[in-house]
Amino acid sequence: MSLSIGLRYSFLTLFLLFLIVALVWTPYDPYQIQMGDRLQTSSAIHWLGTDHLGRDLLSRIMEGARTTVGISLAILFVSLLIGVPFGLLSGYIGGWLDKAFKKIIDAFMTLPDYIFALILTGLLGPGLVNLIFAITAVKWVSYARLVRSIVLEQRQKDYVRLAEISGMKPWKLVVKHILPHTIGNLLVLATLDIGKIILMIASLSYIGLGPQPPSPEWGAMLSEGKTYFQTAPHLMIFPGLCIVITVLLTNSWGDFLRDRYDVHIQSHSAKRSMSSILFRKGV
Amino acid sequence: MRIFVQKITGLLLFLLILSFISFCLLQLVPGDPVRSMLRVDDVAVTDDQIQQMREQLGLDQSVFVQYGYWLQNLFSLDLGNSYMTGRPVFIEFIEKIPYTLMLTGTSLLVMIMISLPLGILSALYRGRMTDHLSRIFALIGSSIPSFWLGLLLIDLFAVKLRILPSMGEGSWQHLILPSITLGIAMSAVYVRLIRASILESSHQEFIRSARARGVGKQRIFTFHLMRHSLIPLLTVFSESIGSLLGGTVVIEVLFAYPGLGKWIVDAITARDYPIIQGYMLFMSIFIVLLNMIVEWSYRYINPAIAIDPRKKGVTS
């Protein structure tokens, strides 16, 4: 029941449309406090109801989409910006640089991502910028590692040797011939990572280390809403659903792209099912 | 053995750098631990008191001196006392470990109970309904924030049905909801891994030769296929111990479960720096130790992989 291509694209389009609309317009001011309208459920005026300060939930979710998705894209971008050159350099130049780099990678791999980011935000103090810094500090390593391993693999190939012999400048060789090999893998990893980053942001800001109130972020909204979740469950349900839908979308796109680009993983998925081997009648 | 030595030296180097960076960062961060410590009593704080406290904690000296003291004490496992409780960080850490290990263990149990049958079934009936359902389960399971799933479970079982306690610890019932929450989140990955691993080994020559020798299907399945496909997963498992411990943090906060995760989050909120640093240090050592144990048991189960498999790949 893998999603058909058309369905996949239409979901993506819908989501992007939602984001674009959220960028320029929200039905109400997401920061406007209306104590008279607090904790309302869905109605024609407030489609998704209002929160504990009477702010329109749909507007806050749209504003939150901007924050959550915006932050995760920013983190992804900076991680790529740091990780890719690092990986290229370390893989191509090798020597002491690569050795030092391997030590750094090993060190970063010791602590799990989430705990590392947690400690960093903890030390720096809660807040949007610190959150971005902490998660980027964790995430760039995986990109550098991926790029490095691809560079090491490609360096052994004849075409690289040939280009080197014919006097091609190293930086040109790396950018023109080796870098393109990394793009497919990077695309897959980055797409799958968006979801992970969103989940990480959400759970860090759920425990109070993310953007501070009143700025709406989906995880922080859940944290605010949980106090009222017996009287006003919509405060908990809708932001949570938004996280699930967004992550689901990026995860399924990531899987889709991986099946398309990553030959290695494709060869793992077997051609015939096992039951046909074990329970086949006759030979 | 050499790998472990390498790992430990690398870790020590890393901790040294990280602890120094964290020390420098602490000088820049807003919020004064002394003030927040004294404010606990809710009485007016005089400058004298603050000064006294500073001297008592050694906060009036330079970063390097403080760092030197810290390193010195480290060798006797003394990381100072918690600002919040005044008790040694190491003792508190040791006290919290059993809670987190207990939660991790029960979540692993839930994870195995969900992912093993689902993974096997979806490999056996590849491309059929079971397989599709398990794929959907895995996709949704890896997209749900674990704390949100936990909230929904609390709402259902503790608030609406009133059959399970929602928070705290004390009895085995308190472990049910947190471990189910964590177990579901983890099994999403393992269902697919188990499925892929079984499918991959089902194409190996030895399965065909076993069939050719006339070995029964049941026997092939249990002794040839399962053995061959589940053992490699142990490596994946040893690598994911860390992320499992990371996952317990938010769940412990959600369920007010007094383990390591809640401890560190409370410490961060209170700016309790000795705890934050101690946690960072002990946690890394703890994770490396756990990894070693799993790796050793793995070598014991499958001596064929005595050579580090990661060394087989491309290295410079």
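Since the model is a prediction, treat every value here as computed from it, not as a measurement.

Before going further, it helps to examine the pattern of salt bridges. Counting across every chain of the model gives 13 salt bridges over all chains. A salt bridge links R258 of chain A to D255 of chain A, with the shortest nitrogen-to-oxygen separation between them at 2.9 Å. Residue R258 of chain A and its partner D255 of chain A are located together in helix α9 (residues 234-261), separated by 3 residues, close to a single helical turn. The class of R258 of chain A is partly exposed, set by a relative accessible area of 25%. The class for D255 of chain A is partly exposed, based on a relative accessible area of 25%. A salt bridge links K262 of chain B to D266 of chain B, with the nearest nitrogen and oxygen atoms 2.9 Å apart.

Let us look at the UniProt feature "domain: ABC transmembrane type-1" (unreviewed entry) in chain A. Under the UniProt annotation, "domain: ABC transmembrane type-1" (unreviewed entry) lies at residues 65-254 of chain A. Strand forms 0% of residues 65-254 of chain A and helix 84%; the C-alpha atoms that close the span are 20 Å apart.

The next subject is the UniProt feature "transmembrane region" (unreviewed entry) in chain A. Residues and elements named next belong to chain A. Within this numbering scheme, the UniProt entry marks residues 6-28, 69-94, 114-138, 186-208 and 228-250 as carrying the feature "transmembrane region" (unreviewed entry). Secondary structure within residues 114-138 divides into 88% helix and 0% strand; the distance between the first and last C-alpha atoms comes to 8 Å. When the span residues 186-208 is considered, its composition is 91% helix and 0% strand, and the gap between its end C-alpha atoms is 31 Å.

Turning our attention to the environment of V174 of chain A. All names here are of chain A. Positionally, V174 belongs in helix α7 (residues 170-206). Residue V174 is classed as buried on the basis of its relative accessible area, which comes to 10%. Remark: the alpha-carbon pair of V174 and L48, spanning 126 residues in sequence, is separated by 52 Å. The residues touching V174, leaving out its near neighbours within four places in the chain, are L88, Y92 and L179.

Below, the discussion takes up the packing of aromatic side chains. Tallying each qualifying case throughout the model produces 11 aromatic pairs over all chains. Geometrically, the ring pair formed by Y9 of chain A and W253 of chain A is edge-to-face, given 5.2 Å between the ring centres and 80° between the ring planes. Taken together, the residues Y9 of chain A in helix α1 (residues 5-24) and W253 of chain A in helix α9 connect sequence positions 244 residues apart. We classify Y9 of chain A as partly exposed; its relative accessible area is 42%. Judged by centre distance (4.4 Å) and plane angle (20°), the ring pair of Y206 of chain A and F147 of chain B falls under stacked. Separated into two different chains, Y206 of chain A in helix α7 and F147 of chain B in helix α7 (residues 146-160) make up a pair that spans both. Side by side, Y206 of chain A and F147 of chain B carry an identical accessibility label, which is buried. Through a chain of ring-to-ring contacts, the aromatic side chains of F90, F93, W263, Y279, F282 and F286 of chain B assemble into a single cluster. Positioned above the aromatic ring of F223 of chain B is the side chain of R219 of chain B, whose terminal nitrogen or guanidinium carbon lies 4.8 Å from the ring centre.

This brings us to the nonpolar core. Residues L118 and I135 of chain A together with Y279 and M283 of chain B are the most contacted members of the largest nonpolar core, which totals 127 residues. Residue assignment places this core across two domains, with domain 1 (1-76) and domain 2 (96-270) of chain B each supplying three or more. Beyond its immediate chain neighbours, meaning those up to four positions away, L118 of chain A contacts L204, I207 and L209 of chain A together with V249, I264, V265 and I268 of chain B. Grouped together as the second largest cluster of nonpolar side chains are 13 residues, I194, I198, L225 and L233 of chain B included.

All names here are of chain B. Taken from the UniProt record, the annotation "transmembrane region" (unreviewed entry) applies to residues 97-124, 136-159, 171-191, 230-255 and 275-294. Taken end to end, residues 97-124 comprises 100% helix and 0% strand; its first and last C-alpha atoms sit 39 Å apart. The span residues 136-159 carries 83% helix and 0% strand; its end-to-end C-alpha distance comes to 28 Å.

This paragraph deals with the environment of M186 of chain B. All names here are of chain B. As for its position among the elements, M186 is in helix α8 (residues 173-201). By relative accessible area, M186 is classed as buried at 13%. A sequence separation of 37 residues divides M186 from F223, and the C-alpha atoms of the two residues are 26 Å apart. Other than its neighbours up to four places away in sequence, M186 contacts S107, L108, M111 and L244.

This part takes up empty space enclosed by the protein. Residues and elements named next belong to chain A. Applying the stated criterion across every chain yields a total of 1 cavity of 30 Å³ or more. Volume-wise, the largest cavity comes out at about 60 Å³. Along the walls of the largest cavity sit D51, H52, L57, R60, M221, E224, G225 and L235, which together make up its complete lining. Only α2 (57-93) and α8 (218-225) provide two or more residues apiece to the lining of the largest cavity. At 3 residues, the largest contribution of residues to the lining of the largest cavity is made by α8.

All names here are of chain A. Here helix α4 (residues 113-124) is 12 residues long and its end C-alpha atoms lie 16 Å apart, about the 16 Å a rise of 1.5 Å per residue gives. Along α4, the positions that sit buried rather than exposed are Y114, I115, F116, A117, L118, I119, L120, T121, G122, L123 and L124. Looking at the residues trailing α4, positive phi occurs at G125, about 95°.

Criteria and thresholds
- Residues numbered from 1 in each chain as written.
- Chains lettered and ligands numbered in written order.
- Predicted model: local features only at pLDDT ≥ 70, side-chain atom pairs only at ≥ 80, totals over all residues.
- Heavy atoms only, no water.
- Salt bridge = Lys/Arg side-chain N within 4 Å of Asp/Glu carboxyl O.
- Helix = DSSP H or I, 4+ residues; strand = E, 2+ residues; numbered from the N terminus.
- Buried < 20%, exposed > 50% of the residue type's maximum accessible area, 1.4 Å probe, protein only.
- UniProt positions renumbered as here; feature names shortened; annotations may be inferred.
- Contact = heavy atoms within 4.5 Å.
- Phe/Tyr/Trp six-rings, centres within 6.5 Å; stacked < 30°, edge-to-face > 60°.
- Lys NZ or Arg CZ within 6 Å of the ring centre and 35° of its normal.
- Core = buried A, V, L, I, M, F, W, Y, C linked by side-chain atoms within 4.5 Å.
- Domains from an automatic or database assignment.
- 1 Å grid on protein atoms, 1.4 Å probe; cavity = no way out; pocket = protein on both sides within 12 Å on 5 of 7 lines; lining within 4 Å.
- Points joined across faces, edges and corners; volume = space filled by probe spheres on them.
- Expected span 1.5 Å × (residues − 1).

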